[in-house]
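Next come the chains, spelled out residue by residue.
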Amino acid sequence: VGILGVRELRRLRRGAWPTTNVAAAMARPPRMVTLTSTDRLLEAVERLYRTRLDGVPVVDAGQLVGVLTRRSVGVLVRERSASALSTGGGSEPR
C-alpha cells in the first residue's frame with residue numbers, strides 16, 4: 001500500500017514522469033502515515049492535518065480498506081455547520 005500525492009510528484013523531475021512507474025514514485029510505510037479502522041476519528045483527523053497530505057490511507061492487516069481525505073472532512077464540517085445554523089443549535093453526533 002502506498003500513496004502518490006503532489007509531494008511525491010514534486011520530488012521527481014518532470015522529464016522522468018514518462019518512464020517512472022507509480023510504485024517507484026509513491027510513498028510507502030514507514031515514510032507514509034497510515035490509519036487503521038480502529039483508530040479514533042478525532043485522532044485520525046488530527047493525524048491527517050499534521051501530515052499536510054490530501055488523504056491518508058486506512059489499512060487493516062496490510063489491506064487498503066479506505067482513505068480519509070481533507071475534502072471529506074471539510075464537506076462534513078460544512079454540512080454540520082449549515083445544519084446547526086438552520087436549526088438554531090448544535091447537531092447531535094452520529
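Scroll up a little and you will see the structure.
Worth saying up front: this structure is predicted, and the values here are computed from it rather than measured.

Okay, a nonpolar patch on the surface next. A grouping of Val1, Leu64 and Val67 is seen on the molecular surface, where their side chains present a nonpolar patch of about 260 Å² in accessible area. Along the polypeptide, Leu64 turns up in strand E2 (residues 63-69). Residue classification places Leu64 among the partly exposed residues on the basis of a relative accessible area of 49%.

Bridging between strand E1 (residues 55-60) and E2 involves six bridges; their strand directions are antiparallel. Bridging from a neighbouring strand, Pro57 pairs with Val67 of E2. Hairpin connection, E1 to E2: the antiparallel pair is bridged by two residues, and Ala61 has positive phi, about 50°.

Turning our eyes to something else, we now look at the pattern of salt bridges. If you walk through the whole model with that rule in mind, you get one salt bridge. A salt bridge links Asp39 to Arg47; its shortest N-O distance comes to 3.6 Å.

The rules we used
Residues numbered from 1 in each chain as written. Predicted model: local features only at pLDDT ≥ 70, side-chain atom pairs only at ≥ 80, totals over all residues. Heavy atoms only, no water. Patch = residues over 30% accessible without salt bridge, like charges linked within 9 Å, V, L, I, M, F, W, Y side chains within 5 Å. Areas by Shrake-Rupley, 256 points an atom, 1.4 Å probe, with all protein chains shown as cover. Salt bridge = Lys/Arg side-chain N within 4 Å of Asp/Glu carboxyl O. Helix = DSSP H or I, 4+ residues; strand = E, 2+ residues; numbered from the N terminus. Buried < 20%, exposed > 50% of the residue type's maximum accessible area, 1.4 Å probe, protein only. Pairing = 2+ DSSP bridges.

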